Amino acid sequence: MTIKEVAEMAGVSPAAVSRYMNGGSISEEKSEKIREVIEKTGYRPNPMAQTMRTGKGGQIGVIVPKLYSDSVSQIMDGISDRLREKNFMTMLGVTEGKKERELRYLTTMQNSQVDGIILMGTTMSPLLRDAITGSGKPVVVTGQDFEGIPCVYHDDFNAVKDLTGRMIERGRKKLVFIGATEEDEAAGRNRRLGCLAAWKEAGFNPERLRCAVSEFNSEGGARCMQELLAADPDIDGVICATDRIALGAMQVIQKTGRKIPDDISIAGVGDSWADTLVTPNLTSVHLYFRQCGVTAADILLRLIEDNTEGSTVTQTKLEYTIVERGSI
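Let us look at the structure shown here.

Rules of the game
- Per chain, residue numbering runs from 1 following the sequence as it is written.
- Side-chain atom pairs in this predicted model are given and counted only at pLDDT of 80 or more, local residue features only at pLDDT of at least 70, and totals for whole chains, interfaces and linings cover all residues.
- Only hydrogens and water are set aside; all other atoms, that is, all heavy atoms of the structure, feed into the side-chain values.
- Here an angle of 0 to 180 degrees is reported between the N-to-C directions of two axes, which are lines fitted to C-alpha atoms, with helices fitted over the stretch in contact.
- Counting from the N terminus, the helices are DSSP H or I runs at least four residues long and the strands are E runs at least two residues long.
- Relative orientations are named as follows: roughly parallel for angles under 35 degrees, roughly antiparallel for angles over 145 degrees, roughly perpendicular for angles from 65 to 115 degrees, and oblique for any other angle.
- Contact criterion: two residues are considered in contact whenever any of their non-hydrogen atoms come within 4.5 Å of each other.
- For this scheme, ten residues count as nonpolar: Ala, Val, Leu, Ile, Met, Phe, Trp, Tyr, Cys and Pro. Four count as charged, namely Asp, Glu, Lys and Arg, and the remainder, Gly too, count as polar.
- Think of it in three bands: residues with accessible area under 20% of the maximum for their type are buried, residues over 50% are exposed, and the middle band is partly exposed, with areas taken using a 1.4 Å probe on protein chains only.
- Pairs of cysteine sulfur atoms within 2.5 Å are identified as disulfides in what follows.
- Counted as positive: Lys and Arg. Counted as negative: Asp and Glu, with His and the chain ends omitted from the count.
- A pair is scored as a salt bridge if a Lys or Arg side-chain nitrogen falls within 4 Å of a carboxyl oxygen belonging to Asp or Glu.
- Polar contact is defined as a pair of N or O atoms within 3.5 Å, subject to the rule that within protein one atom must be able to donate a hydrogen and the other to accept it, and that residues adjacent in sequence are counted only when both atoms are side-chain atoms.
- For two strands to pair, DSSP has to find at least two bridges joining them.

Looking now at the packing of helix 6 (residues 99-110) against helix 7 (residues 126-133). Axis separation between helix 6 and helix 7 bottoms out at 11 Å; the angle between their running directions is 10°. The orientation of helix 6 with respect to helix 7, classified from their angle, is roughly parallel. Seen from helix 6, the contacting residues are Lys99, Glu102, Leu103, Leu106 and Gln110; seen from helix 7, they are Leu127, Leu128, Ala131 and Ile132. Considered class by class, the residues forming the contact of helix 6 with helix 7 number six nonpolar, one polar and two charged.

This next bit is on unusual backbone geometry. Following Ile260, the chain continues into Pro261 via a peptide bond in cis, with omega recorded as 5°. Residue position: Pro261 is located in the loop between helix 11 (243-255) and strand 9 (265-269). The linkage connecting Thr279 with the following residue, Pro280, adopts the cis geometry, with an omega of -5°. By the element assignment, Pro280 lies in the loop between strand 9 and strand 10 (283-287). A positive phi angle is found at Asn87, which is not glycine, with a value near 65°. Relative to the helices and strands, Asn87 resides in the loop between helix 5 (70-85) and strand 2 (89-94). The class for Asn87 is partly exposed, based on a relative accessible area of 40%. A positive phi angle, close to 50°, is found at Asp271, a residue other than glycine. Given a relative accessible area of 18%, Asp271 falls into the buried group.

Right, let's talk about the state of the cysteines for a bit. Inspection of the entire model under this criterion finds zero disulfides. Residue Cys292 stays outside any disulfide, its sulfur separated by 9.5 Å from that of Cys151, the closest cysteine. Residue Cys292 is classed as buried on the basis of its relative accessible area of 0%.

Locating Asp115 in the fold gives a position in the loop between helix 6 and strand 3 (116-120). Here Asp115 occupies a buried position and makes no salt bridge, while the nearest side chain of opposite charge, Lys137, is found at 6.3 Å. Of the polar contacts made by the side chain of Asp115, one reaches the backbone nitrogen of Gly58; its length is 2.7 Å.

Our next topic: the sheet that holds strand 1 (residues 59-64). A sheet is described by the order of its strands in space; here six strands give the open sequence 2-1-3-4-5-11, paired in parallel fashion. The sheet is open, and its two edges are formed by strand 2 and strand 11 (315-318), each paired on a single side. Taken pair by pair, the neighbouring strands of this sheet meet at an average axis angle of 15°, ignoring direction. Across four bridges, the pairing between strand 1 and strand 3 is parallel. Bridge pairing in strand 3 links Val62 to Ile118.

Function-wise, these values are silent; they only describe arrangement.
Next up, the structure:
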């Protein structure tokens, strides 16, 4: 069965059926007639024929560093919801943080039937930049601000600057920062620089801000907290680059008999569901991860629709909200 035959049975034009199938604008009356015919006949479009006719395969590749992450799942929700509205399907690649696997997925997806690619939470390298800029398919990056590349990212610098400022306003004078690898410009470098900027604005010597580098997990946060307390038992405030890191640090603080926030204040970034399961609840920066996914999908769909060389590069910085709970 063909689109033309569906159109004849519904008493509409083939163009109307095509718009219906692709989520385009169509009247309620025509939509109902087409739906009835499709339900009656069980019609399904031939993906290969659709690709040959339109040049589009109806699939989007999404490359993620891991699945067991609150931020990744929320971004994926946003991407999936928007693509579903436009009748696109998702092809998922999980890199487990391995750069060679990331490049392999990029190459494979560029040579497949996907119409575009969303690359999530990555770190830039010359090889990656070449793979993105040389791609025959449009690529949008989430979570990082990469010059010259379409991306959606968070205001990591100001988010942590404001968070640190609030802690200093509460009288904390011996702060430490537990960050992440600075290969990650957003979560590693920009969040540390935001903390440092607030520290300097308050008139403190920047050299007195002790910093540690954790893995992106609670075990790393616990390890760093142990090392920092051993070096300076009088720490009275801890800013963490992520909530997972903060939750590990909290465990160590409480095991030493110190009270949060009476003896030590602590805060993280991410506004995870787990923040309200610990006592006291963790103060955190809410980043709009789901909106990040929706916006990335919108940018990619526009690039696919435009299909123009030299299109304006869209880079969107999202807002943030500091969610104060009981830990500062």
